[in-house]
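# Notes for the structure review
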Amino acid sequence: MAKVWRANIFPFAPHAVLDTMKQSWHSFDMLGGTIVARESFDKEIQFLRLVALAGGAYNRQQFASRLGISVHTLDKTVRSLKQTLSLSSPHLTAEQSTELTEGLRYNYYESADPLLLFLYRAKSLKESESIRLTLLVSSLQERELTAKDLQDICSEQMPADVPAPDEKTIRGDLKYLEEIGVIARSGESRPYRYRAANDLIDQLTDDELLDLFDFVDVTANTQVPSVQGYLLRDTLKKVLRGRGIHALAADTHRYKYHYHSRILDEAHLYTIFNAVRQRKKLHFVYLAPRKGLNYASKNTNPLYEKESRNVTTILPLRVVFDHQYGRWYLIGYNDRTGIAKFRMEGLTQLEEGESVPEAEFENKLGRVLEQLENSWVTDTLRTLKVVARFYNPDHRSGVNFVRERVQAQGQWGKITEESEESFVFEIQVNGIYEIKPWLRSFGSSCEVLEPAWLRKEFISDWKEIASYYEPVRQNF
Amino acid sequence: MSLFDKIFNYQIISRLDETGSFALTSQERTWLRTMLGHPEAEAAFAPETLVKLRHLLGMEEAPDMDDAASSGMDGDVRDIIIEKARSRQRQVYHPLLRPLRRIMMASGGVRLTVRLKHGGIKENQGGLPCKLEYNMAKREWYLLWYDTRNRSLMSTRLHHIAAVEPSELAPERFQELTERVAKLMEARKKQAVIGILPNYNSELSRILYAFSCFEKSVSYDETADQYRIHVTYLADESEFLLSRIRFLGLRVRVLEGGHLKHRMRQTASWALARYQTEDA
């Protein structure tokens, strides 16, 4: 009964799925007695993560149940996706569109474009608003205009079936565009004149622009955080194209062994950052990833919401990015348990709470940082000494890749003795759970010396693994 | 500041595209300013470009800088991020990236001077540069190129390239070589199937994350309650794939892929030989 429904689930323009699914995924806030829809992207993030990580694994029923939606809703979604098949996304390269028809299989050999970035393009917007904002921004590209000029442009150029905006609407839009830095106001006296804030693009020569594109490309792909870098990269790529710079220009670099889904978790990064800066607590509902990729259905009726779910409250202090898996953790403090650690992928319904005094924040931060000091990733179990002998590869190969890797990845551990054939590595680390996979990844180039019980574990693990690959005996 | 700002909405973006217009936000400029603070930015630009960029961004008023000032804190999100288990960063930028990418854009060939592992250099290596590749695990840049003399696809650390000179390539020759490279790349692709032991299904998320840096798809066999990861990789990546499989230990097992199975069997027996004094 393996996968019966694999190839036909994602023949889609990705934006359409978000729109369709979001209709049922708004969360609600009570505001002055009325219910206000507040757009939440929790489900989209989980949906995309599920597709990105486990793409192809589930049939309709399984997929729907893991997303917490009905099969009917899923079918409806898929139907609308098929209708929009012909309108494939202009943001995807040819290679990616082809890949999409087989699920979200990322082909990193072809392109450095981050496929999952479209999550951040999902904010819903009225048709009329998107037409108006675009008209304003495009009118201001090469000239300065007043609010009145812009209102005239809107009444002339907006489609007949969309009502022309009034002055108040235009002023509101300009205020918004100015706040987010897309346009700038010039002059001190009224009427103010506005212009697109495109100096970064306009003032650069073609050659400089190419260097800037490369810098943004490299940095977004190799550093965290990266979402804003990817958004900027998208824009610069279009500028290059607009200036007629060679079509291959944006396609010379690629990045291998990249954790593509890491950009989904950045969605929460700034909410956490703002809370930390203001020393505010955070409330959220945590869906422990340990329970599998299963997201319990969320009732969109506000009366039922949060009733059956446990809201967790912590004082957020730091986030940890784990390079071994490409995963993010939120580290905080909870009065009941002390240090609290959560995988960022399990955070939903994040909300800011009350703030705490500076001294309390500093005190807890100090304690947590001290506890994390010897964490391979986030483990805060008792600190112990791990000693391992690493064996150098055959020296004819010229490069000692074992030593290179231990030095590059061994964090604060030290090489204590060395001979022609081997060297000894020592580290004080919190528990062995997180360092063990790393030691094991060296295979027979690593022999654990201390602690003795860990050495025994390695022997028994390797025996077990050997049994996985024993040739099957035939009975004659 | 929100990453889900309506200005990033796809309808707006595609409409802006139609009119050839652009919208650059403060948060993108703030990000860029932060990243330009990295010392390696020096290698990415001509000195005068860097001065110009810093000037353009310095004049920028970032809305969140005001908040930062009022709370007496730096506004850099990286202050709250702790990166763990990262490979020491050998390089983010390499001085050869700029000249090489320009040669590639012009569909040109190269003549390389390469440093050899045991010392010494090899001059006048002619070929076609294909891609500049950053290996996230090793945190290092490589040039993928086609060696025309030996007719083979090469991957050379930029660190080992002593000099690069452009060379002329006729358009037909460029086309011919590009097609040959594409065929060679395709021929190097391999497939393997890695099964998750059902006892470890509760760790599915962790295991899938560990393989998320490969081109892969997943299938699920309901009767056996087993997940299988179908990985596509290039032949020269098998060692990295193996290190991931060993990393996960008892949780996974290679189901298809003769070479990988052979290497896993070999590793397990060699590893046991290291411990043989106690218990063999």
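Every value quoted in this text rests on a predicted model; they were computed, and no experiment measured them.

Cut-offs and rules
- Residues numbered from 1 in each chain as written.
- Chains lettered and ligands numbered in written order.
- Predicted model: local features only at pLDDT ≥ 70, side-chain atom pairs only at ≥ 80, totals over all residues.
- Helix = DSSP H or I, 4+ residues; strand = E, 2+ residues; numbered from the N terminus.
- Rg over C-alpha atoms; globule rule 2.2 N^0.38 Å.
- Buried ≥ 20, exposed ≤ 12 C-beta atoms within 10 Å, placed from the backbone.
- Contact = placed C-beta atoms within 7 Å.
- Nonpolar A, V, L, I, M, F, W, Y, C, P; charged D, E, K, R; others polar.
- Pairing = 2+ DSSP bridges.
- pLDDT = per-residue confidence, 0-100.
- Core = buried A, V, L, I, M, F, W, Y, C linked by C-beta atoms within 7 Å.

For chain B, the helix and strand inventory stands at nine helices and ten strands. Against the globule reference of 19 Å for 280 residues, chain B gives a C-alpha radius of gyration of 24 Å, more extended than a compact globule. Dimensions of chain B along its principal axes, counting C-alpha atoms only, are 70 × 55 × 45 Å. A total of 280 residues make up chain B; the buried ones form 32% of that total. Excluding contacts between residues fewer than 6 apart, the proportion of contacts in chain B whose partners are at least 24 apart in sequence is 56%.

As a measure of interface size, the accessible area lost when the parts come together is often cited. Contact with chain B, which involves 106 residues of that partner, is made by 119 residues of chain A. For the side of chain B that touches chain A, the element with the most residues is helix 9 (residues 258-274) of chain B, which contributes ten residues. Of the residues assigned to the side of chain B that touches chain A, the class counts are 54 nonpolar, 25 polar and 27 charged. When strand 6 (residues 253-256) of chain A meets strand 3 (residues 121-135) of chain B, the two strands line up parallel, connected through four bridges. Of the residues in strand 3 of chain B, the one forming a bridge with A:Tyr255 is B:Tyr134.

Turning to the confidence of the model for chain A, a few remarks are in order. All names here are of chain A. For chain A, the mean per-residue pLDDT works out to 78, and 70% of the residues sit at or above 70. Taken together, the stretch residues 1-37 has pLDDT below 50 and engages in 81 contacts with residues farther than four places along the chain or on a different chain. Low confidence marks residues 80-109, where pLDDT is under 50. Its contacts with residues over four positions away, or in another chain, come to 62 contacts.

What follows concerns the pairing of strand 7 (residues 189-196) of chain B. Residue and element names in this part refer to chain B. Where strand 7 lies against strand 9 (residues 226-234), seven bridges are found, and the strand directions are antiparallel. Bridging across to strand 9, Val193 finds its partner in His230. Sheet topology places strand 7 next to strand 10 (residues 252-256); four bridges connect them, and they run antiparallel. When the bridges of strand 10 are listed, Ile194 appears paired with Val254.

It is worth spelling out the environment of A:Thr348 at this point. Residue and element names in this part refer to chain A. With respect to the secondary-structure elements, Thr348 resides in strand 11 (residues 347-355). Judged by local crowding, Thr348 falls into the buried class, with 20 C-beta atoms found within 10 Å. Residues Thr348 and Val311, spaced 37 residues apart in sequence, show a C-alpha to C-alpha distance of 9.8 Å. The residues touching Thr348, leaving out its near neighbours within four places in the chain, are Asp42, Phe284, Val285 and Leu287.

The subject of this paragraph is the nonpolar core. Core analysis: the biggest nonpolar cluster contains 78 residues, and A:Val137, A:Val182, A:Ile183 and A:Val216 have the highest contact counts within it. Sorting elements by how many residues they give to this core places helix 10 (residues 206-222) of chain A first, with eight residues. If you look at the next biggest cluster of nonpolar residues, it comprises 77 residues, including A:Ala275, A:Phe342, A:Trp376 and B:Val231.

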